[in-house]
Amino acid sequence: MMPGTDMIESNTENASPRAGTLPATDARCASDVDSDTLVKVEGLSVDLPRRREATRLVDGVSFTIKRNEKVALVGESGSGKSVTARALMRLNPKLRLAGRVLVDGIEVLGLPERKLGSVRGKRIGMAFQDAFTSLDPIMPVGEQLIEALVVQGVSRGEARVRAVRLLAELGVSHAEGRMKAYVHEFSGGMRQRVVLAMALICEPRLLIADEPTTALDVRIAQQVLDVLDDVAARRELAVLLITHDMGVVASFAERVLVMYSGRIVEDAQVDALFERPIHPYTEGLLAAVPRVDRTVERLAAVQGSPVAPGERPAGCAFHPRCAAATDVCRGVVPPLRTFGARRIACHHAEERGASDAV
Ligand SMILES: Nc1ncnc2c1ncn2[C@@H]1O[C@H](COP(=O)(O)OP(=O)(O)O)[C@@H](O)[C@H]1O
Ligand SMILES: [Mg+2]
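In this text, all values refer to a predicted model and were calculated from it rather than measured experimentally.

1. Some words on the packing of helix H4 (residues 141-150) against helix H7 (residues 188-200)
No. 1: Contact geometry of H4 with H7 gives a least axis separation of 9 Å together with a crossing angle of 15 degrees. With respect to H7, the element H4 is oriented roughly parallel. Crossing handedness for the pair H4 and H7: left-handed. Touching Val141, Gln144, Leu145 and Ala148 of H4 are Val194, Ala197 and Met198, all from H7.

Shown next as structure tokens:
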């Protein structure tokens, strides 16, 4: 079995044919995005259909990613980061997607199944949270990389050259010989590089890296982030890095999307966000990260625990955990409002300094 294709196919047999609000077409609609914009997500919702009523896992998320931009998607476990990322490629089995996802001018949610190959791998490469989801444990990694290119029509010889070159570029030593190794034969850091190679082999414009360093110790994690940084610069890639670790955000990203309970609550340039978090949730996430040296540290837990998607309270989903919450927070969902280069979903954004923040 070849997970890069098989798994993706089987994962999508239930992808909703009624996903998206536009007619199914692969017509490029680049006219409404400027040429700098690689990904434009508008009002993306993801529902888990249930017998009685659907549970909303992701609730009206909107964001853009520019070409070459390094964006972090951050939030506690269960906030909807992976579901959102997978929706960009329609990899959500059994989930119902609505809204708009434009990738390099292609309307992904309206695309017929058979045309999804123009997005998966080729425009967006995804390094999954778990290495064994990205890679087949019983096939040598080199074979998997070659296979991914061969199905695109590349000759075996050419595919082998490109696979070895990519592994070497990602810092896998003795790349030629390591082509024959199996995924379990790589150490944690090297395994993550192989996972990145699998995501990058078809030369996508956007790399989604889902918690690429979570299982690694601090030093190895930093090496993987450095490699990612290098390859992104060299290949002019945009990167969406998913993490729950603000230390990782600080050392990698240019811009940050903060997610809480299926919604984006803050979107800001990384320096501005670290300088002055506005949303109380962002402030909580940042509380444990040292400002001076920005070394990677565990997040201080935000007081209380995250809400499950089925138990999202009325109003601002964060209000039960928020010291600044007032009546309006308990009754009305705060819209994501724009303040200069930043977006914030908090009723109290102004008094928390949004107006004079960058
Ligand atoms: N395929 C699925 N079916 C049902 N529930 C799901 C599925 N995928 C994710 N969820 C639920 O959606 C919520 C968000 O999950 P996820 O995006 O994986 O969170 P994160 O990546 O931020 O940790 C969680 O409550 C999770 O249990
Ligand atoms: Mg996740």
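2. Brief notes about the nonpolar core
No. 1: Residues Leu167, Leu170, Ile201, Leu228 and Leu241 are the most contacted members of the largest nonpolar core, which totals 45 residues.
No. 2: Those elements giving two or more residues to this core turn out to be H4, helix H5 (156-169), H7, strand S7 (206-210), helix H8 (218-235), strand S8 (238-243) and helix H9 (246-252).
No. 3: Other than its neighbours up to four places away in sequence, Leu241 contacts Val71, Ala72, Leu73, Ala209, Pro212, Leu225, Leu228, Val248 and Phe252.
No. 4: With 38 residues, the next largest nonpolar core counts Val46, Val108, Leu116 and Leu206 among its residues.

3. Describing the pairing of strand S4 (residues 96-103)
No. 1: Within S4, six of the eight residues are buried, which leaves the element mostly enclosed by the surrounding structure.
No. 2: Taken together, the seven bridges between strand S1 (residues 37-48) and S4 define a ladder with antiparallel strand orientation. What sits directly across from Val39, in S4, is Val103.
No. 3: As defined by bridge partners, S4 adjoins strand S5 (residues 106-107) across two bridges and the pair is classed as antiparallel. Residue pairing in the sheet places Val103 in a bridge with Ile106 of S5.
No. 4: Counted between consecutive antiparallel strands, the loop separating S4 from S5 contains two residues, among which Asp104 sits at a positive phi close to 55 degrees.

4. Observations concerning the sheet that holds S1
No. 1: Spatial ordering of the open sheet is given by S2-S1-S4-S5, a layout of four strands whose pairing is antiparallel. With partners counted over all chains shown, the strands left at the sheet margins are strand S2 (55-66) and S5, one partner each.

5. Looking at H7
No. 1: Helix length check: H7 (13 residues) gives 18 Å between terminal C-alpha atoms against 18 Å at 1.5 Å per residue, within 8%.
No. 2: Counted residue by residue, H7 has ten buried out of 13 residues, so it is predominantly covered.
No. 3: Buried residues in H7 make contact with strand S6 (124-127), helix H3 (131-134), H4, H5, S7 and H8.

Each value, and the rule that gives it
- Residues numbered from 1 in each chain as written.
- Chains lettered and ligands numbered in written order.
- Predicted model: local features only at pLDDT ≥ 70, side-chain atom pairs only at ≥ 80, totals over all residues.
- Heavy atoms only, no water.
- Axes fitted to C-alpha atoms, helices over the stretch in contact; angles between N-to-C directions.
- Helix = DSSP H or I, 4+ residues; strand = E, 2+ residues; numbered from the N terminus.
- Parallel < 35°, antiparallel > 145°, perpendicular 65-115°, else oblique.
- Left-handed = near helix turned anticlockwise from the far one by under 90°.
- Contact = heavy atoms within 4.5 Å.
- Core = buried A, V, L, I, M, F, W, Y, C linked by side-chain atoms within 4.5 Å.
- Buried < 20%, exposed > 50% of the residue type's maximum accessible area, 1.4 Å probe, protein only.
- Pairing = 2+ DSSP bridges.
- Expected span 1.5 Å × (residues − 1).

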